[in-house]
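Listed here are the chains, written in short residue letters.
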Amino acid sequence: MQTSDWQPILVLLILVTGAVVLLHALSVAVRAVREPLSTGPFSGGLEPQEHPLSRFHVRWYPVTMVFLAFDMEMLFMYPWTRVVSAVGTTAVVEMFLFLGILLAGVGYAWREGAFRWN
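Note that the structure is predicted; figures quoted are calculated from it, not measured. (Residues numbered from 1 in each chain as written. Predicted model: local features only at pLDDT ≥ 70, side-chain atom pairs only at ≥ 80, totals over all residues. Heavy atoms only, no water.)

**Student:** Help me out: how do you make sense of the pattern of salt bridges in this one?
**Tutor:** Opposite charge on two side chains permits pairing when their charged atoms draw close. Counting across every chain of the model gives one salt bridge. Measuring nitrogen to oxygen at the nearest pair gives 3.5 Å for the salt bridge that ties Glu112 to Arg111. Glu112 sits in the partly exposed class, given a relative accessible area of 49%. (Salt bridge = Lys/Arg side-chain N within 4 Å of Asp/Glu carboxyl O. Buried < 20%, exposed > 50% of the residue type's maximum accessible area, 1.4 Å probe, protein only.)

**Student:** Is there a simple way to explain the side chain of Glu73 in this structure?
**Tutor:** For Glu73, the location among the structural elements is in helix H2 (residues 60-87). Ignoring sequence-local partners within four residues, the contact set of Glu73 consists of Phe98, Leu99 and Leu102. (Helix = DSSP H or I, 4+ residues; strand = E, 2+ residues; numbered from the N terminus. Contact = heavy atoms within 4.5 Å.)

**Student:** Quick question: what am I supposed to make of the packing of aromatic side chains here?
**Tutor:** Describing an aromatic ring pair means giving the distance of the ring centres and the angle of the ring planes. Overall, the coordinates contain one aromatic pair when judged by the stated rule. Seen in terms of ring centroids, Phe76 and Phe98 are 4.7 Å apart; in terms of plane orientation they differ by 55°. Their pairing is tilted. Separated by 22 residues along the polypeptide, Phe76 in helix H2 and Phe98 in helix H3 (residues 89-112) bring together distant segments of the chain. With a relative accessible area of 26%, Phe98 lands in the partly exposed category. (Phe/Tyr/Trp six-rings, centres within 6.5 Å; stacked < 30°, edge-to-face > 60°.)

**Student:** Honestly, the environment of Leu99 in this entry has me stumped. Any pointers?
**Tutor:** Here Leu99 shows up in helix H3. Among the residues examined, Leu99 registers a relative accessible area of 24% and is labelled partly exposed. For the pair Leu99 and Met77, spaced 22 residues apart in sequence, the C-alpha separation works out to 9.9 Å. Contacts of Leu99, omitting those with residues within four sequence positions, involve Glu73 and Met77.

Here is the structure:
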């Protein structure tokens, strides 16, 4: 092998190494100083009861999943309304099958107590 065969790989290696070093130097140069967050009154004017970055209670996650399921349902139903007349009965059967699966998921979440707030 000749030296000219390895020259493009060497140039690429030098460019990538230089880019990594440059990005690291840039990140060090613009690094933000970490200080504790100070909280002040928000839109209601009252002092906050919790830290702004506090964690959500675990009960919110099942509700979020159900919301996302219904959100995906809407994303599926909008294009469906455009093609249902062209496709016909097959599209209607598929939509009711989809809604049945979604309703089964909501029934399961309800049975497991995802909507219980006590």
